[in-house]
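# Structural overview for review
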Amino acid sequence: MCNENNKNNCSNCVAEILTVINILQQNASCCGDACLDTCDRGFLGCSATSLSCNTRPVMLYTCCGNGTPWAMPTTKEDVTCGSVGVTCSNVFRVEKLDDNCATFRVLAPNPDTAEAATIPYVATNSFFTMNLDCVCALRCLQDTFVECL
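None of the values given here were measured: they were computed from a predicted structure. (Residues numbered from 1 in each chain as written. Predicted model: local features only at pLDDT ≥ 70, side-chain atom pairs only at ≥ 80, totals over all residues. Heavy atoms only, no water.)

### Quick word on the overall build of the protein chain
- Tallying secondary structure elements over the protein chain gives one helix and seven strands in all.
- Taken from the N to the C terminus, the helices and strands of the protein chain come in the order α-β-β-β-β-β-β-β.
- Of the accessible surface of the protein chain, which amounts to about 8,400 Å², a share of 52% is contributed by carbon and sulfur atoms. (Helix = DSSP H or I, 4+ residues; strand = E, 2+ residues; numbered from the N terminus. Areas by Shrake-Rupley, 256 points an atom, 1.4 Å probe, with all protein chains shown as cover.)

Quick look at the structure:
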C-alpha cells in the first residue's frame, strides 16, 4: 500500500489497518483467518479459536517523533507528558475511526503484578483523537484482554 509515490495512498494505509483492528475489537470473535502475526491478521488472539482477547494494543509513531512512540497522559487532567509526577503511556486501543481521524483510549500498565503476565494493560478514561496523516508508523503489540470502563 505505502510503496506507491501517492501520498494519499500512503497516509491511508494506517487508517486501513486501524479500521481492521477496530472491527475485530468490536466483534471480538474469530473469522477463521490463518495469517501471519501482523497488525491486520483477521482475528484476535493466538489463533482463530481464541475468544479471550478483545484488544490489539498499538503504539503510534509520528513523522516528527524521531523514532519515539507517541505518549499521552493516563488521566483527563490538563497535564503534559514529561512533567514531574505525570503518568503517561505509549500504548493505545483504537476506539473509533472517522475517515482519516482515529480516537484512541490510553492503556496503562496493569498495576496488579500477579495479573500483569496475562493481562498486561488496563483501560483508562483518557482518550485522544489523532489525524492519521501525522502517523508514519504503527506497531501492534500482542493481542490481549482489556476490561472496558
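### Describing the packing of aromatic side chains
- What the rule picks out here adds up to three aromatic pairs.
- Between Phe92 and Phe128, the ring centres sit 4.9 Å apart and the planes meet at 75°, which makes this aromatic pair edge-to-face. Of this pair, Phe92 sits in strand E4 (residues 91-98) while Phe128 sits in strand E6 (residues 121-131); the two residues are 36 residues apart in sequence, bridging distant segments of the chain.
- The class of Phe128 is buried, set by a relative accessible area of 9%.
- Here the aromatic cluster, defined as three or more aromatic residues joined through ring pairs, consists of Phe92, Phe104 and Phe128. (Phe/Tyr/Trp six-rings, centres within 6.5 Å; stacked < 30°, edge-to-face > 60°. Buried < 20%, exposed > 50% of the residue type's maximum accessible area, 1.4 Å probe, protein only.)

### Details of the nonpolar core
- The biggest cluster of nonpolar side chains holds 20 residues, and the ones touching the most others in it are Leu18, Leu60, Phe92, Phe104, Phe128 and Leu132.
- Taken together, the elements giving at least two residues each to this core come down to helix H1 (7-27), strand E1 (58-62), E4, strand E5 (101-109), E6 and strand E7 (135-140).
- Aside from chain neighbours lying at most four places away, what touches Phe92 is Arg56, Pro57, Val58, Leu60, Trp70, Ala71, Met72, Phe104, Arg105, Val106, Leu107 and Phe128.
- By size, the runner-up hydrophobic cluster in this structure holds eight residues, among which are Met59, Val91, Tyr121 and Val146. (Core = buried A, V, L, I, M, F, W, Y, C linked by side-chain atoms within 4.5 Å. Contact = heavy atoms within 4.5 Å.)

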